[in-house]
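Here is how the chains run, residue by residue.
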2 protein chains.
Amino acid sequence: MEIKVTTRQRDYSIFIEHGLLKKARSLIGEGFNVFIISDDGVDDKWISILLDQYPDSPLFRFNHGEANKNLNTYRDILSWLARNRANRHDVIIGIGGGVVGDVAGFVAATYMRGIRYLNIPTTTLAQIDSSIGGKTAVDLGGIKNIVGAFWQPSLVLIDPETLSTLPSRHVNNGLAEAVKMGLILDEKLFELFEGDYESHLDEIIERSLILKKEIVEQDENETGIRKLLNFGHTFGHGYETVGEGRYLHGECVAMGMMTVLENEEIKERLHKVLQKLDLPESCECDNEKVFSIICNDKKSAADGIDIVQVDEIGKGHIERWSFDRIRRKLG
Amino acid sequence: MEIKVTTRQRDYSIFIEHGLLKKARSLIGEGFNVFIISDDGVDDKWISILLDQYPDSPLFRFNHGEANKNLNTYRDILSWLARNRANRHDVIIGIGGGVVGDVAGFVAATYMRGIRYLNIPTTTLAQIDSSIGGKTAVDLGGIKNIVGAFWQPSLVLIDPETLSTLPSRHVNNGLAEAVKMGLILDEKLFELFEGDYESHLDEIIERSLILKKEIVEQDENETGIRKLLNFGHTFGHGYETVGEGRYLHGECVAMGMMTVLENEEIKERLHKVLQKLDLPESCECDNEKVFSIICNDKKSAADGIDIVQVDEIGKGHIERWSFDRIRRKLG
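Just so you know, these numbers come straight off a predicted model, no measurement behind them.

In screw terms, the move from chain A to chain B is a rotation of 180° and a rise of 0.0 Å along the axis, fitting with an RMSD of 0.0 Å. What the rotation and shift describe, once combined, is the action of a two-fold rotation axis. In this assembly, 100% of the residues forming the interface of chain A have copies in chain B that are likewise at the interface, indicating an isologous arrangement.

Written out as structure tokens, the structure is:
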């Protein structure tokens, strides 16, 4: 399946197919050098399949985890590119989860003021959500994604086979974003989770991707409708930062959705889905700290912060909440 | 005088007027916090005039010089913004020369994936050339401008009064870029330097700016005609890097133009202008090292590098030179 994405920065294709990784090179094309960036959270099997197609390409692999999504890793990769004489006609391939995509994408956005970036997401989180949209970033001083750029990929290759080596906790982590997509945009998608979702994984990925693509095309730089995608993320980022690695991103989004939801009926339906996915629903953490992180969020304004709310499944909307209201909601 | 610039990223105005700095705030507007970035090469006088208008705004001042245009300074400024809780509605003002503009602009391009950037250039180099065009960058591992982004300012304020505290070497350094503009695009501008140029400084700045604006509007991301602006810069960057701070940027461009020019008549006329401006014409440096830097330039391709040549004043053109030809030219 090919999904074509049109953005102001550039147009590109997302290919989704079982076994796609084995024919990556034929889709990527020739005539330039390739620099592969990954982390040690990605199973060697998938790196090998790519390296077999690019035996002479340099590989940079950093330690996995959000803690390494920082300016040190960023600088190390830039230095590696320079040492290996990467030029502006060359291409960066990021193969891995959301952290790899964020870091490798930010490197591609800024090395020589921007070179081509190809993304091969290998986790549900990255396949469903972070691999498209062009958001790249690293963390700094405990603040998530505070430094980054909008940089659209030139190609995204999704091989659902790569999920076969992913621990179930990580599979479910990514599915939290698909649940979110259902709640804000697509009732049918949410209902898939209320049934036998495991036999509909491909459909869930494709449906989520197409929704995300449509949002990104309408609002590349997140000034309007794209803000809906932040459902659960304002509190979620707080939990993620305060949790210091204890929770994965999607787990924090799950807890963030439960915190922010005010419609009891929807909350009950979400609760059942999260139980099924073994996702946490409330955070064991210092709410004072979470509140401080939220106030510091890059989305906050002087008088509060835009919060996404869902009163009817498939129809998210945005409300401006005061900091007082946010503090009270944390309990 | 107001020059309106239209780019794909955003439209903005450049104001040029003697005494403009004193009324900066009225042009900048209200409703956001302002973060001022400068270096210690800028006379305190100009910083004070700005701070008088923004008494509560934080100021970050780093040590001047190309050597500090690096990822450490970049990180320090980002951390300072985060500590001071700058948000995406706030504004960065860079006041200073080309280095301040490059660093502050790159910070603005990437802090929270991009916030507004206002530039107050205080050197001839920055007023004539680097303050518009949206190129931002820092150096890494001895390679100039290897990391950066295209990020257009939201406003540029040029107060020629600020040149009154600039050492004459720095005044002439910037004028080298205007001489370059004349050679590639505007015979009349070049001829101003053959006459009493000092009484035409305002005209030289305005004329250069308008030329640059037209080029940038046509070719924001330097894929075509904008490459002409690199006249003298391929060899110039080599001299600048190998010189390790001994030469200023414009001085290197002057030497670079003399190296690359093949029309003897034009070379003789340029020689006379450079003498008048007390600008160097040939580099006392290790040509082997210069060659290695050029090969590593981000503009180089597998089979050589695009070089700007001038056979008729006001009409630059681009030629692809092999690395052999470049090596021979260095002598």
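All names here are of chain A. Relative to the assigned elements, Ile120 resides in strand S6 (residues 116-121). Judged by relative accessible area, which is 3%, Ile120 ranks as buried. C-alpha of Ile120 to C-alpha of Leu20: the two residues are 100 residues apart in sequence and 9.9 Å apart in space. The contact partners of Ile120, leaving out residues within four places of it in the chain, are Leu21, Leu50, Ile93, Gly94, Ile95, Gly96 and Leu157.

What follows covers the packing of helix H7 (residues 187-194) of chain B against helix H8 (residues 201-218) of chain B. Residue and element names in this part refer to chain B. Contact geometry for H7 and H8: axes closest at 11 Å, N-to-C directions at 155°. Compared by their axis directions, H7 and H8 come out roughly antiparallel. Between H7 and H8 lies a crossing of left-handed hand. Contacts between H7 and H8 involve Lys188, Leu189, Leu192 and Phe193 on the former and, on the latter, Glu203, Ile204, Arg207, Ser208 and Leu211. Its residues assigned to classes, the contact of H7 with H8 comprises five nonpolar, one polar and three charged.

A few words on the state of the cysteines. Residue and element names in this part refer to chain A. Throughout the structure, instances matching the rule amount to two disulfides over all chains. Between the sulfur atoms of Cys283 and its disulfide partner Cys285 the distance amounts to 2.2 Å. Between Cys283 and Cys285 the sulfur-sulfur dihedral comes to about 135°; the bridge is accordingly right-handed. Exposure remark for Cys285: the relative accessible area of 18% places this residue in the buried category. Unpaired in terms of disulfides, Cys252 finds its nearest cysteine sulfur in Cys283, a separation of 6.7 Å. Relative accessible area serves as the criterion here: at 0%, Cys252 is assigned to the buried category.

Moving on, we come to the interface of chain A and chain B. By a widespread convention, an interface's size corresponds to the accessible area lost as its parts come together. Counting from both sides, the interface comprises 37 residues of chain A and, opposite them, 37 residues of chain B. In terms of surface lost to chain B, no three residues of chain A exceed Arg75, Arg113 and Lys298 of chain A, which account for 24% of the buried area on that side. Remark: the boundary between chain A and chain B carries zero salt bridges. Scanning the region where chain A abuts chain B turns up eight residue pairs in polar contact (both at pLDDT 80 or more). Within the side of chain A that touches chain B, the residues separate by chemical class into 17 nonpolar, 11 polar and nine charged.

With that out of the way, let us pick up the environment of Ser26 of chain B. Residue and element names in this part refer to chain B. Looking at where Ser26 falls in the secondary structure, it is placed in helix H1 (residues 24-28). Ser26 sits in the exposed class, given a relative accessible area of 60%. As a C-alpha pair, Ser26 and Leu279 span 253 residues in sequence and 38 Å in three-dimensional space. Among the polar contacts made by the side chain of Ser26, one reaches the main-chain carbonyl oxygen of Lys23 at a distance of 2.7 Å.

This paragraph deals with the confidence of the model for chain A. Chain-level statistics for chain A give a pLDDT mean of 94 and a share of 100% at 70 or above. Under the prediction, the complex receives an ipTM of 0.89, its pTM being 0.90.

Our next topic: the packing of aromatic side chains. A ring pair, where both rings are aromatic, is described by two values, the distance of the centres and the angle of the planes. A complete count under the given rule lists eight aromatic pairs over all chains for this structure. Judged by centre distance (5.8 Å) and plane angle (90°), the rings of Phe35 of chain A and Trp80 of chain A are edge-to-face. Here Trp80 of chain A lies in helix H3 (residues 71-83) and Phe35 of chain A lies in strand S3 (residues 34-39), a separation of 45 residues in the sequence. Note on accessibility: Phe35 of chain A and Trp80 of chain A belong to one class, buried. Their ring planes at 35° and their centres at 5.9 Å tell us that Phe193 of chain B and Tyr197 of chain B sit as a pair that is tilted. In this structure, Phe193 of chain B and Tyr197 of chain B share a single accessibility class: buried. Three or more aromatic residues link up through ring pairs in this structure, and these residues are Phe35, Phe60 and Trp80 of chain A. Positioned above the aromatic ring of Trp151 of chain B is the side chain of Arg10 of chain B, whose terminal nitrogen or guanidinium carbon lies 4.5 Å from the ring centre.

This part takes up the pattern of salt bridges. Residues and elements named next belong to chain B. By the definition in use, this model includes 50 salt bridges over all chains. Between Lys188 and Glu203 there is a salt bridge, and its shortest N-O distance comes to 3.7 Å. Separated by 15 residues along the polypeptide, Lys188 in helix H7 and Glu203 in helix H8 bring together distant segments of the chain. Residue classification places Glu203 among the partly exposed residues on the basis of a relative accessible area of 28%.

Criteria and cut-off values
Residues numbered from 1 in each chain as written. Chains lettered and ligands numbered in written order. Predicted model: local features only at pLDDT ≥ 70, side-chain atom pairs only at ≥ 80, totals over all residues. Heavy atoms only, no water. Least-squares fit on C-alpha atoms with pLDDT ≥ 70 in both. Contact = heavy atoms within 4.5 Å. Helix = DSSP H or I, 4+ residues; strand = E, 2+ residues; numbered from the N terminus. Buried < 20%, exposed > 50% of the residue type's maximum accessible area, 1.4 Å probe, protein only. Axes fitted to C-alpha atoms, helices over the stretch in contact; angles between N-to-C directions. Parallel < 35°, antiparallel > 145°, perpendicular 65-115°, else oblique. Left-handed = near helix turned anticlockwise from the far one by under 90°. Nonpolar A, V, L, I, M, F, W, Y, C, P; charged D, E, K, R; others polar. Disulfide = S-S within 2.5 Å. Buried area = accessible area lost by both parts, 1.4 Å probe. Salt bridge = Lys/Arg side-chain N within 4 Å of Asp/Glu carboxyl O. Polar contact = N/O pair within 3.5 Å; in protein donor to acceptor, adjacent residues only side chain to side chain. pLDDT = per-residue confidence, 0-100. Phe/Tyr/Trp six-rings, centres within 6.5 Å; stacked < 30°, edge-to-face > 60°. Lys NZ or Arg CZ within 6 Å of the ring centre and 35° of its normal.

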